[in-house]
Amino acid sequence: MDLGVRWKLHGDGRTPAPGAVVRPDERLSWPRTAGLGAQHVVAMFGASFVAPVLMGLDPNLAIMMSGVATVVFLLATRGRVPSYLGCSLSFVGVAAVIRAQGGSSATVTGAVFVVGVALFLVGLAVRRFGARIIHAAMPPIVTGAVVMLIGFNLAPVTASTYWPQDQWTALLTMLFTGLAVVCLRGFWSRIAIFLGLVFGYGVSWVSDLVFGKIHSVDASGRLTDHWRLDLSGVGKADWIGLPTLHGPSFEWSAILVALPVVIALVAENAGHVKAVGEMTGDSLDDKLGTAISADGVGSMLSTAVGGPPNTTYSENIGVMAATRVYSTAAYWAAAGFALLFGVCPKFGAVVAAIPGGVLGGITVILYGMIGLLGAQIWLNAKVDLRNPLNLVPAAAGIIIGVGNVSMKFTDTFSLSGIALGTVVVITGYHALRAFAPAHLKTQQPLLDEGTSSYDDAKS
C-alpha cells in the first residue's frame with residue numbers, strides 16, 4: 001500500500017531550478033527539508049497557540065496533537081495533499097459560549113469531538129456523492145453568513161475580557177499587528193500574528209519595568225494591582241514532560257452550540273484542496289472527501305485526550321507559495337518538530353503567560369478577520385444580496401449570532417447566539433426558497449467558480 005512516504009530527490013537536492021517546483025512526491029536534501037519543516041511550524045505558531053489559550057486549553061497539548069493530526073492527514077491523503085493541521089480558530093467563540101454557560105474544558109472538548117465526528121461523516125458523503133451535496137445544503141449565502149456570525153459573535157470577548165486588562169498595550173499591539181499584516185512581505189507577512197504577540201510581550205515587559213503594576217481587571221475579572229507580564233510559571237515549569245490530558249464530557253447544550261462550525265470547516269477544507277491543486281498543477285478533486293474526513297479524524301483524536309480541534313492552515317499555503325516547495329516530506333518534518341515542542345512544558349508556560357492586553361490587541365484584528373471571511377465567500381461566489389431570498393435569512397441569522405439572541409424552548413433546552421443564528425440561516429433559506437417565485441431562484445456555482453470540477457470528476 002502506497003502511504004506517500006517515499007520521495008524522489010529533486011535535482012541536486014539543494015535549490016530548485018528557476019521556475020521549477022518541488023512536487024509533493026519530491027524532496028530536497030534532508031537538512032533543507034528539516035529547515036522547511038521548521039519554517040512551517042513557525043508559520044502556524046501565531047494562530048495555533050493563540051487558539052488554545054483563547055479556548056482555555058493546554059497549548060502544549062495543542063501543538064503536540066497538531067503534529068499527530070498532520071500525520072493522520074498525510075497518511076489518509078497518501079501524501080498527495082501537502083497540508084499542516086493546526087488548531088482551528090473557528091471554535092474560539094464556541095468555547096467562550098460554552099464556558100459562559102458554566103461548561104468545563106471537558107465540556108468544550110466533548111462538544112468539539114462531536115463536530116469532528118460530523119466532519120468525518122460529511123467527508124464520507126462527499127466521497128460518495130460529490131461536492132454537489134455541500135452546495136445543496138450549504139450554498140455560499142448560507143456558508144458565508146455562518147462564518148460571519150461565528151467571527152463577529154466573538155466581539156464581546158475582546159471588549160469585556162481582554163482589552164480592559166491593559167488598553168494601551170492592546171492598542172499598541174493592534175497597531176503593530178495591523179502594520180505587520182499590511183506592510184510585510186512573503187514569509188514575514190504570514191507570521192504577522194506571531195510577530196504581534198512578540199511585540200506585545202515586549203511592550204508589557206517594558207511597561208512593567210517603567211510604570212510598575214497596572215491597576216485594572218485581571219484575567220479573572222477582578223479589579224486589582226497586578227503585573228502585566230507574569231513569568232513566575234515559566235521558571236517552575238519543567239523542560240521535558242507530557243502535557244496534561246483529560247477526557248471529553250458530552251452535553252447537548254454545548255454540542256448544539258458547536259455543530260454549526262462544521263459549515264466553516266467544510267468551506268476551509270474545500271478552499272484548501274482547491275488552492276493546493278492549483279499551485280501544484282495536479283487535480284485533487286478525488287481527494288476532497290478524504291481531506292475533509294481526515295480533518296475530522298484529526299480533531300477527534302485531539303479532543304479525545306483534551307486538546308483543541310484542528311483544521312488545514314492557510315498560513316502554510318502561503319509558505320508553499322513563497323518557497324514553491326510542496327514536498328510532503330517537509331510536513332512530516334514539521335509534524336516531528338510539533339511533537340517535540342509538545343513535550344516541553346516550559347514552552348507551554350511561556351504561551352500561557354501572554355498578557356491579556358496583548359490578546360486584546362490581537363483578537364480585535366483576528367476575530368474581525370474571521371467574520372469578514374464570510375464576506376469573502378459571498379464575493380467569490382458573486383452572491384447577490386439584492387435578492388431577498390439571500391438577504392433575509394442571512395440578515396436575521398447574523399444579527400441573532402452577533403447579538404447573542406436567545407430562544408428558550410423548555411426549562412432545560414434553549415438555543416442562542418451561534419447555534420440559533422445558524423439554524424435561522426439554514427432553515428430560513430431553504431424554507432423561503434421552497435415558497436419563493438421562480439425568478440428569485442437563480443442558479444449559483446458550486447462552492448465557488450473553481451470547484452465545479454469536483455462533480456465532473458464524479459460523473
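As a starting point, this report considers the structure included with it. Only a predicted model underlies this, so the values are computations on that prediction, with no experimental measurement involved.

A closer look at the packing of aromatic side chains
- Enumeration over the complete set of coordinates arrives at three aromatic pairs.
- For the ring pair W7 and W30, a centre distance of 6.0 Å and an interplane angle of 85 degrees mean the geometry is edge-to-face. Placement of W7 in the segment before β1 (8-9) and of W30 in helix α1 (residues 30-48) is noted, with a sequence separation of 23 residues between them.
- Directly above the ring of W239 sits K346, whose terminal nitrogen or CZ lies 5.1 Å from the centroid.

What to know about the nonpolar core
- Core analysis: the largest hydrophobic core is formed by 93 residues, its most contacted members being M55, V92, Y367 and W378.
- Of the residues forming this core, the biggest block, nine residues, is contributed by helix α14 (residues 261-280).
- Built from parts of two domains, this core gets at least three residues from each of domain 1 (23-373) and domain 2 (384-438).
- When near neighbours in sequence (up to four residues on either side) are disregarded, Y367 contacts L54, V92, G151, L154, V157, T158 and Y162.
- Within the second largest apolar cluster, five residues are counted, among which are V22, L28, L36 and A330.

So, the side chain of S302
- Checked against the element boundaries, S302 lands in helix α15 (residues 288-304).
- Beyond its immediate sequence surroundings of up to four residues, S302 is in contact with M65, G307, P308 and N310.

Topic: the pattern of salt bridges
- Enumeration over the complete set of coordinates arrives at four salt bridges.
- For D166, the salt bridge identified is with R228, shortest N-O distance 3.3 Å. Separated by 62 residues along the polypeptide, D166 in the loop between α8 (155-162) and α9 (167-183) and R228 in the loop between β5 (223-226) and α12 (232-236) bring together distant segments of the chain. By the burial criterion, D166 is buried, and R228 matches it.
- Linking D208 and R228 is a salt bridge whose minimum nitrogen-to-oxygen distance equals 3.0 Å. Separated by 20 residues along the polypeptide, D208 in helix α11 (residues 192-211) and R228 in the loop between β5 and α12 bring together distant segments of the chain. Both residues of the pair, D208 and R228, belong to the buried class.
- In this structure, a network of salt bridges that share partners links the residues D166, D208 and R228.

Definitions and cut-offs
- Residues numbered from 1 in each chain as written.
- Predicted model: local features only at pLDDT ≥ 70, side-chain atom pairs only at ≥ 80, totals over all residues.
- Heavy atoms only, no water.
- Phe/Tyr/Trp six-rings, centres within 6.5 Å; stacked < 30°, edge-to-face > 60°.
- Helix = DSSP H or I, 4+ residues; strand = E, 2+ residues; numbered from the N terminus.
- Lys NZ or Arg CZ within 6 Å of the ring centre and 35° of its normal.
- Core = buried A, V, L, I, M, F, W, Y, C linked by side-chain atoms within 4.5 Å.
- Buried < 20%, exposed > 50% of the residue type's maximum accessible area, 1.4 Å probe, protein only.
- Domains from an automatic or database assignment.
- Contact = heavy atoms within 4.5 Å.
- Salt bridge = Lys/Arg side-chain N within 4 Å of Asp/Glu carboxyl O.

Limitation: the analysis is restricted to geometry and does not speak to function.
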